[in-house]
Amino acid sequence: MKQKIRLSLICLKKMNKYRTLFIDLDDTLFDFSGASREAFRETYELLGYERFFESFEHWLSIYEPRNKELWREYNAGRINKEQLNKIRYSYPLEAVGRPDEELGARFGTEALGRIPHKNMLLPGAIELLEYLSPKYEMFILSNGFMELQSQKMVTTGLTKYFKRIILSEEIGVNKPHPALFEYALKVSGAQKDSTLMIGDAFDSDIQGAANAGLDQMFLNGKGEKELSFRPTFEVTELCEMRKYL
């Protein structure tokens with residue numbers, strides 16, 4: 001019993017030390033996966049992609065794995081934003097033997113224009129922010145594109161909860177690079193030992209924060225099992241975060 005009480009006190013002390021929260025946006029608060037799927041389906045139908053693919057699900061099954069690969073390349077600084085968008089939207093057409101860079105670019109422009117206007121948040125996002133905002137200074141810390149992230153914040157009504165949005169485009173370095181976290185600390189005026197990073201992407205949000213010396217809270221909504229280390233906190237839903245904050 002004494003051991004349990006001691007551990008609880010240690011955990012409480014750790015939780016109470018935070019003054020600043022860095023929070024990822026896409027698939028942490030904003031339902032980027034759901035919004036993207038809707039926008040992609042609308043664009044697929046608008047541009048008559050049934051000419052090339054068996055179904056929307058067929059297009060998606062080609063797009064998604066390549067998109068993940070390209071984001072890893074982008075986050076590592078091996079390709080730029082323009083290359084990312086050009087390749088990922090052209091690739092499905094190439095994969096079915098109908099290469100058309102112009103049509104792929106049009107698909108990307110149309111879909112990306114629709115995503116930030118989708119008012120789609122993860123369950124419990126607003127309730128969590130209402131709970132957190134009186135207690136912490138909060139900043140969005142994202143690898144997303146400036147023109148999209150700002151509009152998402154407006155569409156979903158998230159702007160009022162955050163001091164500002166800090167984006168990797170501002171310095172040309174993406175999470176997980178420690179330089180982005182150091183930049184975020186500088187512009188926010190936050191202290192490393194009283195700042196917590198919250199995100200859903202283990203490699204970029206959690207590993208990146210750990211490499212920069214920040215505590216982390218991993219939103220493990222997909223139930224990832226094979227993690228390279230144990231994050232400071234781990235939850236599966238947004239509502240669980242209130243237990244620790």
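Everything that follows concerns the structure shown earlier in this document.
Since the structure is predicted, the reported quantities are computational estimates derived from the model, not experimental observations.

**Q** When you look at unusual backbone geometry in this model, what are you seeing that I'm missing?
**A** The phi torsion of most residues other than glycine is negative, and most of the peptide bonds are trans. Looking along the chain, the bond that leaves Lys175 and enters Pro176 is cis, with omega of 20 degrees. Along the chain, the position of Pro176 falls in the loop between β3 (164–167) and α8 (178–188). Here the phi dihedral of Asp27 falls at roughly 65 degrees; this positive angle occurs in a residue that is not glycine. With respect to the helices and strands, the residue Asp27 is situated in the loop between β1 (20–23) and α2 (32–46).

**Q** Please clarify how the nonpolar core should be interpreted in this entry.
**A** Burial of nonpolar side chains together is a common tendency in soluble globular proteins. Ranked by size, the top nonpolar core spans 54 residues in total, and within it Phe40, Tyr49, Trp59 and Phe162 carry the most contacts. Top contributing element to this core by residue count: helix α3 (residues 56–75), with seven residues. What Trp59 contacts, discounting residues up to four positions off in sequence, is Phe40, Tyr44, Tyr49, Phe53, Pro92 and Phe107. Of all hydrophobic cores here, the second largest spans 13 residues; its members include Phe22, Leu180, Ala190 and Met197.

**Q** What is the right way to read the pattern of salt bridges from this model?
**A** Between side chains of opposite charge, a pair can form when the charged atoms approach closely. A full pass over the atoms with the stated rule returns 18 salt bridges. For Lys175, the salt bridge identified is with Asp24, shortest N-O distance 3.0 Å. Note that Lys175 is positioned in the loop between β3 and α8 and Asp24 in the loop between β1 and α2, a separation of 151 residues in sequence. Of the residues examined, Asp24 reaches a relative accessible area of 7% and is grouped as buried. Measuring nitrogen to oxygen at the nearest pair gives 3.6 Å for the salt bridge that ties Arg41 to Glu57.

**Q** Even after reading the chapter, I still don't get the packing of α2 against helix α5 (residues 101–114), so can you show me in this structure?
**A** The packing of two helices is summarised by the inter-axis angle and the distance between the axes. Where α2 meets α5, the closest approach of the two axes is 9 Å, and the angle between their N-to-C directions is 140 degrees. Taken together, the axes of α2 and α5 lie oblique to each other. Crossing geometry of α2 relative to α5 is assigned as right-handed. Residue-level contacts link Ala39, Phe40, Glu42, Thr43, Tyr44 and Leu46 of α2 to Phe107, Glu110, Ala111 and Arg114 of α5. Of the residues belonging to the contact of α2 with α5, the class tally is six nonpolar, one polar and three charged.

**Q** Is there a simple way to think about the layout of surface pockets in this case?
**A** In this structure, the second largest pocket encloses a volume near 160 Å³. If you go around the second largest pocket, the residues you meet are Tyr74, Asn75, Ala76, Gly77, Ile79, Ser168, Glu169, Gly172, Val173, Asn174 and His177. Here the lining of the second largest pocket is built from residues that sort into four nonpolar, six polar and one charged.

**Q** Sorry, what's going on with the sheet that holds β1 here?
**A** In a beta sheet, neighbouring strands pair by backbone hydrogen bonds and run either parallel or antiparallel. Ordered in space as β3-β2-β1-β4-β5-β6, the six strands form an open sheet in which the pairing is parallel. In the strand order of this sheet, the two ends are held by β3 and β6 (233–235), each with one partner. Recorded for the sheet is a direction-independent mean angle of 20 degrees between the axes of neighbouring strands. In the sheet, strand β2 (residues 137–142) pairs with β3 via four bridges, with the strands oriented parallel. For Ile140, the partnering residue across the bridge sits in β3 and is Ile165. Against the sheet, α8 contacts β1, β2, β3 and β4 (195–199), and its axis sits at roughly 155 degrees relative to β3. Against the sheet, helix α9 (residues 202–211) makes contact with β4 and β5 (215–219), and its axis sits at roughly 165 degrees relative to β5, the strand it touches most.

Analysis parameters
- Residues numbered from 1 in each chain as written.
- Predicted model: local features only at pLDDT ≥ 70, side-chain atom pairs only at ≥ 80, totals over all residues.
- Heavy atoms only, no water.
- Helix = DSSP H or I, 4+ residues; strand = E, 2+ residues; numbered from the N terminus.
- Core = buried A, V, L, I, M, F, W, Y, C linked by side-chain atoms within 4.5 Å.
- Buried < 20%, exposed > 50% of the residue type's maximum accessible area, 1.4 Å probe, protein only.
- Contact = heavy atoms within 4.5 Å.
- Salt bridge = Lys/Arg side-chain N within 4 Å of Asp/Glu carboxyl O.
- Axes fitted to C-alpha atoms, helices over the stretch in contact; angles between N-to-C directions.
- Parallel < 35°, antiparallel > 145°, perpendicular 65-115°, else oblique.
- Left-handed = near helix turned anticlockwise from the far one by under 90°.
- Nonpolar A, V, L, I, M, F, W, Y, C, P; charged D, E, K, R; others polar.
- 1 Å grid on protein atoms, 1.4 Å probe; cavity = no way out; pocket = protein on both sides within 12 Å on 5 of 7 lines; lining within 4 Å.
- Points joined across faces, edges and corners; volume = space filled by probe spheres on them.
- Pairing = 2+ DSSP bridges.

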